[in-house]
Amino acid sequence: MYKEKLDLTRIPQHIAVIMDGNGRWAKERGMKRRDGHVAGTEALKNILKPVRDLGIKYLTVYAFSTENWNRPDEEVEALMALLYEKLDVNLFMENDVRFCVIGDVSRLPQHLQAVVNHCLETTANNTKGTLTVALSYSSKWELVEATKKIARRVQDGTLQVDDINESTIDESLNTSFLPDPDLLIRTGGEYRLSNFLLWQCAYTELYFCDTYWPDFDEEELCKAIWNYQQRERRFGKTSEQVIGTTEQ
Ligand code: IPE
Ligand code: IPE
Ligand code: MG
């Protein structure tokens, strides 16, 4: 049991997850891709409580990318219908979790936007943790939007070009309310970021596992965190410097 091995004083504050492998999970079982997505939503529901109980403050999950709009219409429609059906405000209220969204929400069907807004408003004051769902999200889209925002501020004279720094960009991103992820988990066996949080993951520890998302559970989560805890985050410094800082 990896849970017993964890150092509870060094739990990552923010975990980002690329929930991949729903389709292959279904295919291996002779099921439809949609069934894999249904199982995937269950896996997400089930992980919320362990995340909260471990004291992870922020969980950010990649549910639908900008590029996923290019999937067959049937799958896109099934995913939108599923999100509408499964997005349950009670689940967030029960867990005292705040629900947030990043991505181009305006591309979502109107009725889904309404549920998203309802969840955002209702859960705004919840305090145990923040679940951020990336919907119609891609990092390059987000960076383009941030660039436009900054350019407009320069254009209207409220920002000088020489005053642009890393914080200006941080504040202009969809993720302005989040700290950078400490750990990024990708399930499903692929070793890539697929346009997810490219700026924010500059110093994030990356963890890849073969497990398909529908099979990802508390034990898998604890294994990822345990793996993270074996690493030394140096942020460009030497190991001696890092050890010196923690000993002081
Ligand atoms: C991830 O599972 C969920 C979404 C991208 C919506 P996939 O649907 O990508 O599953 P695989 O990668 O085809 O197995
Ligand atoms: C990334 O998975 C997006 C989500 C998990 C929502 P994909 O399955 O779309 O990624 P690629 O196409 O394999 O890179
Ligand atoms: Mg995939």
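What counts and how
Residues numbered from 1 in each chain as written. Chains lettered and ligands numbered in written order. Predicted model: local features only at pLDDT ≥ 70, side-chain atom pairs only at ≥ 80, totals over all residues. Heavy atoms only, no water. Near = heavy atom within 4 Å. Polar contact = N/O pair within 3.5 Å; in protein donor to acceptor, adjacent residues only side chain to side chain. Areas by Shrake-Rupley, 256 points an atom, 1.4 Å probe, with all protein chains shown as cover. Helix = DSSP H or I, 4+ residues; strand = E, 2+ residues; numbered from the N terminus. Pairing = 2+ DSSP bridges. Axes fitted to C-alpha atoms, helices over the stretch in contact; angles between N-to-C directions. Contact = heavy atoms within 4.5 Å. Phe/Tyr/Trp six-rings, centres within 6.5 Å; stacked < 30°, edge-to-face > 60°. Lys NZ or Arg CZ within 6 Å of the ring centre and 35° of its normal. Expected span 1.5 Å × (residues − 1). Buried < 20%, exposed > 50% of the residue type's maximum accessible area, 1.4 Å probe, protein only. Arc of directions from axis to C-beta. Core = buried A, V, L, I, M, F, W, Y, C linked by side-chain atoms within 4.5 Å.

*Asks:* Got a sec to walk through the site of ligand 1? Specific residues and values, please.
*Replies:* Around ligand 1, the structure places 13 residues, and the nearest of them are Asp20, Gly23, Arg24, Arg33 and Arg71. Here an oxygen atom of ligand 1 sits 2.9 Å away from a polar atom, N or O, in the main chain of glycine 23. In this structure, an oxygen atom belonging to ligand 1 sits 2.7 Å away from a side-chain N or O atom of arginine 71. When ligand 1 sits alone it has 380 Å² of accessible area, and the protein chains cover 87% of it. Contributions of two or more residues to the shell around ligand 1 are made by helix 2 (22-28), helix 3 (33-54) and helix 4 (73-86). With three residues, the top contributor of residues to the shell around ligand 1 is helix 2.

*Asks:* Which residues make up the sheet that holds strand 4 (residues 129-137), and what values do they have?
*Replies:* In sheet architecture, strand pairing relies on hydrogen bonds along the backbone and comes in two forms, parallel and antiparallel. Strand order in the open sheet formed by six strands is 3-4-2-1-5-6, and the pairing between neighbours is parallel. The open sheet terminates on both sides in strands that have one partner only, identified here as strand 3 (97-102) and strand 6 (205-208). Taking each pair of neighbouring strands and ignoring which way they run, the sheet shows an average axis angle of 20°. Across seven bridges, strand 2 (residues 58-65) lies against strand 4 in parallel orientation. Counterpart to tyrosine 58 in the pairing with strand 4 is threonine 130. Taken strand by strand, helix 6 (residues 110-122) contacts strand 3 and strand 4, and its axis lies near 135° from that of strand 3.

*Asks:* Go over the environment of leucine 173 with me, naming the residues and quoting the values.
*Replies:* Structurally, leucine 173 is set in the loop between helix 8 (166-172) and strand 5 (183-186). For the pair leucine 173 and phenylalanine 64, spaced 109 residues apart in sequence, the C-alpha to C-alpha distance is 18 Å. Residues contacting leucine 173, with those up to four places away along its chain left out, are Glu142, Leu143, Ala146, Trp199 and Gln200.

*Asks:* Give a description of the packing of aromatic side chains that names residues and reports values.
*Replies:* Taken as a whole and judged by the stated rule, the model has nine aromatic pairs. Measuring from ring centre to ring centre gives 5.1 Å for tyrosine 203 and phenylalanine 235, while their planes differ by 50°; the resulting arrangement is tilted. Taken together, the residues span a long stretch of sequence, with tyrosine 203 in the loop between strand 5 and strand 6 and phenylalanine 235 in the loop between helix 9 (218-229) and helix 10 (239-247) at a distance of 32 residues. For lysine 5, the ring lying beneath its charged end belongs to tyrosine 2, and the centroid distance is 4.6 Å. The positively charged end of lysine 5 is found above the aromatic ring belonging to tryptophan 226, 5.1 Å away from the centroid.

*Asks:* Provide a residue-level description of helix 7 (residues 139-155), including the pertinent values.
*Replies:* Helix length check: helix 7 (17 residues) gives 24 Å between terminal C-alpha atoms against 24 Å at 1.5 Å per residue, within 8%. Turning to helix 7, its buried residues number three or more, namely Ser139, Glu142, Ala146 and Ile150. Buried positions in helix 7, seen along its axis, are confined to an arc of 70° and lie on one side of it. Away from its buried face, by an angle of more than 90 degrees, helix 7 presents the exposed residues Lys140, Thr147 and Gln155. Buried residues along helix 7 sit against strand 4 and helix 8. Phi for glycine 157, located one or two positions after helix 7, is positive at around 85°.

*Asks:* Please provide a residue-by-residue account of the nonpolar core, values included.
*Replies:* Counting 47 residues, the largest nonpolar core has Ile15, Leu59, Ile185, Leu221 and Ile225 as its most contacted members. No other element matches the six residues that helix 3 contributes to this core. Beyond its immediate chain neighbours, meaning those up to four positions away, leucine 59 contacts His14, Ile15, Val17, Ile47, Leu48, Val51, Thr130, Leu131 and Thr132. Core analysis: the next-biggest nonpolar cluster, separate from the first, contains ten residues, Ile18, Tyr62, Tyr137 and Phe196 among them.

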